[in-house]
Structures are given as structure tokens and as C-alpha cells.
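Architecture and fold: a report
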Amino acid sequence: MEHRRYLTIQQREALQRLLRERADVLRLEIGEDRLADLNVEPEAAALARDVVEFREVEAALSRLHEPDFGLCADCGSDIPYARLQAAPSASRCLSCQARAEHRPARAAP
Ligand SMILES: [Zn+2]
């Protein structure tokens, strides 16, 4: 099967700018010292969220020019460009993201 290239170079570069700006903001919020020490256990929940987001942003930047960037990691469908502009590090479409975040506990019947 041919590799599908979904996003144009221009779209990727626009997202790259957004991701880099976000990475800079997060880097400032987290602090270079903490990022340098990967073993640090973030105490505050807000800091933990920032660290998680920073890693997602970094991961997105490293994937940005792969052909399948912008395709949902779960179902493979196109992630709408508007969603990517709002959340450039998104790796799932909205419905898969909702499923991932609200994964129902598999309670016994
Ligand atoms: Zn999906």
C-alpha cells in the first residue's frame, strides 16, 4: 500500500511553528533545570501536565515530516487540520481521543 501523505509542506511548517512556540512556553514554565533532570518527579499536578505536554510537543515535532503525521494513530483517518491547528500535538482524531480519555472500565456484567 502506498504511503499516504496527508498534510502539505506548508501545513506542516505552520504546525511546526505552533509546536515550537508551545515548546518554548512550556520550557519556560517547567524550567530548564527540571527538564535536564529526567528523573525528577514532578510534584505539582500542573507541572506534571506541562511535562507531559512538553513531551507530546517534542514527539510531534520529531514526527512532523513523516508521511503519516496528521493521521489518527488509532483509526488512521485524517485528523482535521483545524484540530491540528488548535492542538498540533494531537495524535488521534476527536472520536478516538474521546475513547482513549474516557475508556470505560470493563466492569463485569
Ligand atoms: Zn481515530
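Everything quoted here is computed from the prediction, not taken from an experiment.

**What about the coordination of the zinc ion?**
- Coordination of the zinc ion by the protein is provided by Cys72 (SG), Cys75 (SG), Cys93 (SG) and Cys96 (SG), with metal-donor distances spanning 2.3 to 2.4 Å.
- Note that the zinc ion binds 4 donor atoms; their angles at the metal cover 104 to 115°, and the shape is tetrahedral.
- For the zinc ion, all donor residues lie on one chain, and their spacing in sequence is C-x2-C-x17-C-x2-C. Judged on exposure class, the residue Cys93 and its partner Cys96 are both buried.

**As for the side chain of Gln97**
- On the secondary structure map, Gln97 appears in helix H5 (residues 94-101).
- Here Glu101 takes part through its side chain, which lies 2.7 Å from a polar atom of the side chain of Gln97.

**Here's the deal with the environment of Val57**
- On the secondary structure map, Val57 appears in helix H3 (residues 45-63).
- In contact with Val57, other than residues within four places in its own chain, are Leu19, Arg22, Ala23, Leu26 and Ser89.

**A closer look at the pattern of salt bridges**
- Applying the stated criterion to the full structure yields 3 salt bridges.
- A salt bridge links Glu53 to Arg22, with the shortest nitrogen-to-oxygen separation between them at 2.7 Å. On the criterion of sequence distance, the pair formed by Glu53 in helix H3 and Arg22 in helix H1 (residues 9-30) is long-range, its members being 31 residues apart.
- Among the ionic pairs, Arg92 bridges to Asp74, the shortest N-O distance being 2.9 Å. Of this pair, Arg92 sits in the loop between helix H4 (81-86) and H5 while Asp74 is found in the loop between H3 and H4, placing the two residues 18 residues apart along the sequence.

**Some details on the confidence of the model for the protein**
- Looking at the protein as a whole, the pLDDT averages 85, with 83% of positions reaching at least 70.
- Ranking the helices and strands of the protein by mean pLDDT puts H4 first, with 95, and helix H2 (residues 32-36) last, with 69.

**Overview of H3**
- Compared with the 27 Å implied by 1.5 Å per residue over 19 residues, the 27 Å span of H3 between its first and last C-alpha is a close match.
- Turning to H3, its buried residues are Leu47, Asp50, Val51, Phe54, Val57, Ala60 and Leu61.

**Topic: the nonpolar core**
- One finds Leu15, Leu19, Ile30, Val57 and Phe69 to be the most contacted residues of the largest nonpolar core, which totals 19 residues.
- Secondary-structure elements contributing two or more residues to this core are H1 and H3.
- Filtering out sequence-adjacent residues up to four positions away, Phe69 remains in contact with Tyr6, Leu7, Arg12, Leu15, Ala60, Arg63, Leu64 and Pro88.

**A short note on the packing of H1 against H3**
- Axis separation between H1 and H3 bottoms out at 9 Å; the angle between their running directions is 150°. Of the possible angle classes, the one that applies to H1 and H3 is roughly antiparallel. In terms of crossing hand, the pair formed by H1 and H3 is left-handed. Between H1, through Gln16, Leu19, Arg20, Arg22, Ala23, Leu26, Arg27, Glu29 and Ile30, and H3, the contact on the second element is made entirely by Leu47, Asp50, Val51, Glu53, Phe54, Val57, Glu58, Ala60 and Leu61.
- Partitioning the contact of H1 with H3 into residue classes produces 10 nonpolar, 1 polar and 7 charged.

Here is what the cut-offs are and how they apply
Residues numbered from 1 in each chain as written. Predicted model: local features only at pLDDT ≥ 70, side-chain atom pairs only at ≥ 80, totals over all residues. Heavy atoms only, no water. Donors = N, O, S within 2.8 Å, 3.2 Å for Na, K, Ca; no water. Tetrahedral: all angles 85-135°; square planar, octahedral: opposite > 155°, others 65-115°. Buried < 20%, exposed > 50% of the residue type's maximum accessible area, 1.4 Å probe, protein only. Helix = DSSP H or I, 4+ residues; strand = E, 2+ residues; numbered from the N terminus. Polar contact = N/O pair within 3.5 Å; in protein donor to acceptor, adjacent residues only side chain to side chain. Contact = heavy atoms within 4.5 Å. Salt bridge = Lys/Arg side-chain N within 4 Å of Asp/Glu carboxyl O. pLDDT = per-residue confidence, 0-100. Expected span 1.5 Å × (residues − 1). Core = buried A, V, L, I, M, F, W, Y, C linked by side-chain atoms within 4.5 Å. Axes fitted to C-alpha atoms, helices over the stretch in contact; angles between N-to-C directions. Parallel < 35°, antiparallel > 145°, perpendicular 65-115°, else oblique. Left-handed = near helix turned anticlockwise from the far one by under 90°. Nonpolar A, V, L, I, M, F, W, Y, C, P; charged D, E, K, R; others polar.

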